[in-house]
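# Report on the structure
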Amino acid sequence: MKRIVFTFLVLTIFSCKKQSNTIVGTWKMVYAETIENDSINIKNLNNTEFIKIINHSHFAFFNQQKDGNENFYGGSGTYELNGQNYTETLSFTAVNAIRNHTFPFKVQIKGDSLIQTGLEEVKEAGINRMITEKYIRIN
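All values reported here derive from a predicted model rather than from experimental measurement. (Residues numbered from 1 in each chain as written. Predicted model: local features only at pLDDT ≥ 70, side-chain atom pairs only at ≥ 80, totals over all residues. Heavy atoms only, no water.)

### Let's talk about the overall build of the chain
The secondary structure content of the chain amounts to 1 helix and 9 strands. Beginning at the N terminus, the succession of helices and strands in the chain can be written as α-β-β-β-β-β-β-β-β-β. Out of the 139 residues belonging to the chain, those deemed buried represent 31%. In the chain, of all internal contacts separated by at least 6 residues, the share reaching a separation of at least 24 is 38%. Summed over its atoms, the accessible surface of the chain is roughly 9500 Å², and 53% of this surface lies on carbon and sulfur atoms. (Helix = DSSP H or I, 4+ residues; strand = E, 2+ residues; numbered from the N terminus. Buried < 20%, exposed > 50% of the residue type's maximum accessible area, 1.4 Å probe, protein only. Contact = heavy atoms within 4.5 Å. Areas by Shrake-Rupley, 256 points an atom, 1.4 Å probe, with all protein chains shown as cover.)

Here it is as C-alpha cells:
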C-alpha cells in the first residue's frame, strides 16, 4: 500500500506544470510600442493578431489581419534565456537584412503575461528602435 501511495505522489508531482513562470508557451500580443528617433508608435491590434510560440529552444511569430490575407508576416529562429536576458537569433524571415541577426531583450513573466523590451538595432537594415511588447498566454 505504501508503494502505491508513493507512486501516486511521485506521478502527481511530476505531472504538475508551473507554466506561470516559464517562457515556453503560446502568446498573443496585446500591446506593442516602438520608440524610434523622437516618435512613439503604438501598434493598432484592432484588425490584426500577432502570435508568438516559444518552445524549449526555438521561437516563431506570426502576424495576420483578422479579416483578410494582407500584411501577413512571420519569422522564427532560436533563442537563449538567462534569467531576464532573452536573446533571439532570427533565422527564418523574408527580410534578408535581418536574417541571422541576434536581438537582445529583457523579459518579465507576471502570471500569464510576458513583457519583452529591448533595442532592435540592425545597421544594414536601417533599424534602430526600442520596443516594448506585452503578451498574454493562450496556451
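### Some details on the side chain of Thr48
When you line up the elements, Thr48 lands in strand S3 (residues 48–54). Taking the relative accessible area as the measure of exposure, Thr48 reaches 11% and is therefore buried. Within polar-contact distance, the side chain of Thr48 engages the side chain of Asn63 at 3.1 Å. Here Gln64 takes part through its backbone oxygen, which lies 3.0 Å from a polar atom of the side chain of Thr48. Residue contacts for Thr48: discarding those within four places in its chain leaves Lys43, Asn63, Gln64, Gln65 and Lys66. (Polar contact = N/O pair within 3.5 Å; in protein donor to acceptor, adjacent residues only side chain to side chain.)

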